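# Architecture and fold: a report
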Amino acid sequence: SHSGVKLLLHGLCSNTTVKSLDLKGNNLRTMGAEALGKLLRQNKSILSLTLEWNSLGMWEEGFSFFCQGLAVNNFLQRLDLRNNQINHQGAGELAVALTKNASLQELDLRWNNIGLLGGRALLNCLRRNKTLKRLELAGNNVPGDILKAVEQALDHNQDREAILSEAQNQVYILSKEVLNLKDEKNKQFLDFMDTVDKQKEEKVKSERMSAAQVSQLQEALDEQHSIINSLKAKLQMTEAALALSEQKVHNLGELLNAMKQEQTSVAECHFRELQQQKQESADREGKLLHDLSAASQKNLLLRNQVDELERKCKVQQDQLFQVKQDLANTTAELKLRAVQAEERLEMEKRRFKQSLEDMESLRVKEVDHMTQHIEASERSMQDRIQRLETIRISLEEELSQVKAAALAERGQAEEELIKARSQARLEEQQRLEHLKEKLRLMTESRDEAQNCCLKQKEMVAEAQARAKHLSLNADGLRRRLEELQQELNSKEEEKVTEVNKVKVELQEQIGHLEAERTAQDGLREKIAALERQLKALSNNHREALLDKEGEISLLLEKLRMKEAEISRVREEEAQRTSFLQNALMAYVQGPPFGTQSSRK
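Residues numbered from 1 in each chain as written. Predicted model: local features only at pLDDT ≥ 70, side-chain atom pairs only at ≥ 80, totals over all residues. Heavy atoms only, no water.

The next subject is the overall build of the protein chain. When helices and strands are tallied, the protein chain shows 14 helices and five strands. Relative to the 2.2 N^0.38 estimate, which gives 25 Å for 600 residues, the radius of gyration of the protein chain is 45 Å and therefore markedly larger than a compact globule would have. Dimensions of the protein chain along its principal axes, counting C-alpha atoms only, are 165 × 55 × 35 Å. The buried share of the protein chain, reckoned over its 600 residues, is 30%. For the protein chain, the exposed area adds up to about 38,900 Å²; of that, 53% sits on carbon and sulfur atoms. Within the protein chain, the 98 negative side-chain charges are centred at a point lying 4 Å from the centre of the 91 positive side-chain charges. (Helix = DSSP H or I, 4+ residues; strand = E, 2+ residues; numbered from the N terminus. Rg over C-alpha atoms; globule rule 2.2 N^0.38 Å. Buried < 20%, exposed > 50% of the residue type's maximum accessible area, 1.4 Å probe, protein only. Areas by Shrake-Rupley, 256 points an atom, 1.4 Å probe, with all protein chains shown as cover. Lys, Arg positive; Asp, Glu negative; His and termini not counted. Charge placed at Lys NZ, Arg CZ, Asp CG, Glu CD.)

Structure (structure tokens):
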């Protein structure tokens, strides 16, 4: 009842657990619409609301209150308003609500009465609403150009949301990288300050213990030789790591090329499949047209047979004109039977709509009943005339009904064929545009990946150049150490100062080498991040391919459904033709009785 629905909606105003609400076919009126508006104002948990078959558009005040609640709501994401008798005024109020709403993503308005003005109002509201992704307007008498404009606006909203999500992801990734770089720089600065402090302490100690260091200079030089050898080993390790990174970059390039080839092959396969589907649909349309032409020829044959039956009926009417005096007593019974026949025909129409098999059984029973009447009419002249008259009247009515039904069904079949063709063409165009857009996005992502690889190659080249520079510096250090050894042999007094200078320079070189090592570690981490990005791209491509395969399976399922409908129409046509043939045979078997009566 309406009070129960109202109490339910009032109770849900403060509910925080219900996510989806289905009130389909509850005949909500003004009070129910106002309660829905209050629910939308106060509830913060319902994400999906279904209000199909409730005739909300008939109550303008209640629907306006409902639209006000929708304008304030910021949590509802899906709204179903099919078959609610919404006119262009209700569509205008709904458009005003959508300009203020910022959460609704799907709106279903099929099978209402929005019209041209309502379609324009909804189109204008989409210029301000940027969150609505799906809007269904089928069966609303909205012109095709407005529907196309609405679809373009919805596509623009979807593209805008996708771009915003990508930008947010990129900003999040960049912020993470910036924070990581800041942390690395802070660590490097702290390490540098620690090394500076240590160097200062060592310098103080070296000034205090200069005399002891002179005696241990040879050992220090040996240690420096060992350090240089370790540095050489480290340089060899870095060169090996760089070679591995170059190999990885080369492998990544080969993977990118393989992905390009796979993308081109997949696009070609999809294009071929679409062409095959177009060819199959064209062949099926030709078959349907051929079947329609055959059905029209059968209808012409049936019309000719009907004309012949009409001529025979005229002959029988001429014969019956001679015995009209005898029929005066039976007119009352004929009228009563005509009324009964009309009632039976109305019942048969209703049963025909319900099921074809019941209709056939009733017609078979009527044919049996007529044959029984014909057998009974052999006993007397009056019974024969009455039975022939009833059979003629019933056959004429049935033939007229069959003609009307055949014409109506043929018109419906032609309309369904036209709708199916237009829908299939629109779906194929939309899918082609969607595939083109996906290919464009895939090419853009591929170009970005190539640019990243080129940048990584440049960074690797710079690291190689730095490594070469370090090797040259190491050779210079070796020569410098030899010179220092010669100077130590000649001048022992100058050894102390030169050794201190060499230590300072070596420490600086070690600091530079450590900085280069940290830079190489950063490069390795970036290469690993690029590998992860490539894996994510490959996963995305695979998901896109799976989506395309799902769309193709849906198309095949729709084609199977259309073929089943066409086969059902053919079976119905065959059943109708068999029924007409049985009726005509029963009618044709009647004239011998008329000839016997004329002879008598």
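There is more to say, and it comes next.
What follows covers the side chain of Asp80. By the element assignment, Asp80 lies in strand β3 (residues 78–80). Of the polar contacts made by the side chain of Asp80, one reaches the side chain of Arg82; its length is 2.8 Å. With residues up to four places along the chain from it excluded, the contact list for Asp80 reads Leu49, Thr50, Leu51, Glu52 and Asp108. (Polar contact = N/O pair within 3.5 Å; in protein donor to acceptor, adjacent residues only side chain to side chain. Contact = heavy atoms within 4.5 Å.)

When a protein is soluble and globular, its nonpolar side chains tend to lie buried together. Leu51, Leu79, Leu81, Leu107 and Leu109 are the most contacted members of the largest nonpolar core, which totals 46 residues. Among the secondary structure elements, those contributing two or more residues to this core are α1 (2–12), α2 (30–42), α3 (60–72), α4 (88–100), α5 (115–125) and α6 (144–208). Excluding its chain neighbours within four sequence positions, the residues that come into contact with Leu51 are Leu23, Leu28, Leu36, Leu56, Phe66, Leu79, Asp80, Leu81, Arg82 and Asn84. (Core = buried A, V, L, I, M, F, W, Y, C linked by side-chain atoms within 4.5 Å.)

As a further point, take α5. All of the buried residues in α5 are Gly115, Gly118, Gly119, Leu122, Leu123 and Cys125. The buried residues of α5 occupy an angular sector of 160° when the element is viewed end-on, so they sit on one face. (Arc of directions from axis to C-beta.)

According to UniProt, the feature "coiled-coil region" (unreviewed entry) maps to residues 214–262 and 292–572 in the numbering used here. Helix makes up 98% of residues 214–262 and strand 0%, whereas the separation of the span's terminal C-alpha atoms amounts to 71 Å. (UniProt positions renumbered as here; feature names shortened; annotations may be inferred.)

For the rest of this paragraph, the subject is a negative patch on the surface. The grouping of Asp191, Asp194, Asp197, Glu201, Glu202 and Glu514 at the surface amounts to a negative patch. For the negative patch, the element with the highest residue contribution is α6, accounting for five residues. Secondary-structure assignment places Glu202 in helix α6. (Patch = residues over 30% accessible without salt bridge, like charges linked within 9 Å, V, L, I, M, F, W, Y side chains within 5 Å. Salt bridge = Lys/Arg side-chain N within 4 Å of Asp/Glu carboxyl O.)

Before going further, it helps to examine the confidence of the model for the protein chain. Looking at the protein chain as a whole, the pLDDT averages 81, with 91% of positions reaching at least 70. In this model, residues 592–600 is a region of pLDDT below 50 whose contacts with residues beyond four sequence positions or in other chains number seven contacts. (pLDDT = per-residue confidence, 0-100.)

Right, let's get into the environment of Glu462. Along the polypeptide, Glu462 turns up in helix α12 (residues 381–490). Here Glu462 falls in the partly exposed class, since its relative accessible area comes to 46%. Separated by 90 residues in sequence, Glu462 and Ile552 have C-alpha atoms that sit 49 Å apart.

Another point: the pattern of salt bridges. When the charged atoms of two side chains lie near each other, side chains of opposite charge can form a pair. Enumeration over the complete set of coordinates arrives at 16 salt bridges. For Asp108, the salt bridge goes to Arg110, with nearest N and O atoms at 2.8 Å. Asp108 gets classed as buried once you look at its relative accessible area, which sits at 7%. Judged by its relative accessible area of 24%, Arg110 falls in the partly exposed class. With a shortest N-O distance of 3.8 Å, Arg576 and Glu573 are connected by a salt bridge. Of this pair, Arg576 and Glu573 are both found in helix α13 (residues 495–588), three residues apart, which corresponds to roughly one turn of the helix. Judged by relative accessible area, which is 11%, Arg576 ranks as buried. Note on Glu573: relative accessible area 23%, which makes it partly exposed. Via salt bridges that share partners, Glu52, Asp80, Arg82, Asp108 and Arg110 belong to a single interconnected network.

For the pair α5 and α6, the least separation of the axes is 10 Å and the interaxial angle reads 20°. Of the possible angle classes, the one that applies to α5 and α6 is roughly parallel. In this structure, the crossing between α5 and α6 has a hand that is left-handed. Residues Leu116, Gly119, Arg120 and Leu123 of α5 touch α6, and the partners they reach there are Ile146, Ala149 and Val150. (Axes fitted to C-alpha atoms, helices over the stretch in contact; angles between N-to-C directions. Parallel < 35°, antiparallel > 145°, perpendicular 65-115°, else oblique. Left-handed = near helix turned anticlockwise from the far one by under 90°.)

Since there are 3.6 residues in each turn of an α-helix, residues three or four apart along the chain are aligned in direction. Compared with an ideal rise of 1.5 Å per residue, which puts 13 residues at 18 Å, α2 spans 19 Å between its outermost C-alpha atoms and is within 8% of the ideal. Residues Gly32, Ala33, Ala35, Leu36, Gly37, Leu39 and Leu40 constitute the buried set of α2. (Expected span 1.5 Å × (residues − 1).)

For the rest of this paragraph, the subject is the sheet that holds strand β5 (residues 134–136). Pairing within the open sheet is parallel, and its five strands lie in the order β1-β2-β3-β4-β5. Each end of this open sheet is capped by a strand with a single partner; those strands are β1 (20–22) and β5. Going across the sheet, the axis of each strand differs from the next one's by a mean of 0°, ignoring polarity. Two strands pair when backbone bridges link them, and strand β4 (residues 106–108) and β5 are joined in this way by three bridges, in the parallel orientation. Looking at β5, one finds that Glu106 is bridged to Arg134. (Pairing = 2+ DSSP bridges.)

A word on the packing of α2 against α3. For the pair α2 and α3, the least separation of the axes is 7 Å and the interaxial angle reads 10°. With respect to each other, α2 and α3 are oriented roughly parallel. Residue-level contacts link Thr30, Ala33, Glu34, Leu36, Gly37, Lys38, Leu40 and Arg41 of α2 to Gly62, Phe63, Phe65, Phe66, Gln68, Gly69, Leu70 and Val72 of α3. Residues that form the contact of α2 with α3 fall into these classes: eight nonpolar, five polar and three charged. (Nonpolar A, V, L, I, M, F, W, Y, C, P; charged D, E, K, R; others polar.)

Taken as a whole, the second largest pocket encloses approximately 1,400 Å³ of empty space. Taken together, 49 residues line the second largest pocket, and the ones lying closest to its centre are Leu288, Leu292, Ala413, Leu417 and Ile566. Here the lining of the second largest pocket gets 17 residues from one element, more than from any other, and that element is α12. Tallied by class, the residues present in the lining of the second largest pocket amount to 23 nonpolar, five polar and 21 charged. (1 Å grid on protein atoms, 1.4 Å probe; cavity = no way out; pocket = protein on both sides within 12 Å on 5 of 7 lines; lining within 4 Å. Points joined across faces, edges and corners; volume = space filled by probe spheres on them.)

Moving on, we come to the packing of aromatic side chains. By the definition in use, this model includes one aromatic pair. Over the face of the ring belonging to Phe65 we find Arg41, whose NZ or CZ atom lies 5.5 Å from the ring centre. (Phe/Tyr/Trp six-rings, centres within 6.5 Å; stacked < 30°, edge-to-face > 60°. Lys NZ or Arg CZ within 6 Å of the ring centre and 35° of its normal.)

This paragraph deals with the environment of Ser226. Assignment of secondary structure puts Ser226 in helix α8 (residues 217–321). Judged by its relative accessible area of 41%, Ser226 is partly exposed. Of the polar contacts made by the side chain of Ser226, one reaches the backbone oxygen of Glu223; its length is 2.4 Å.

Right, let's get into unusual backbone geometry. Excluding glycine, residues mostly have negative phi values, and the peptide bonds linking residues are mostly trans. Positive phi, close to 55°, is recorded for Asn83, a residue that is not glycine. Here Asn83 lies in the loop between β3 and α4. Residues other than glycine seldom take positive phi values, yet Asn141 does so here, at roughly 60°.

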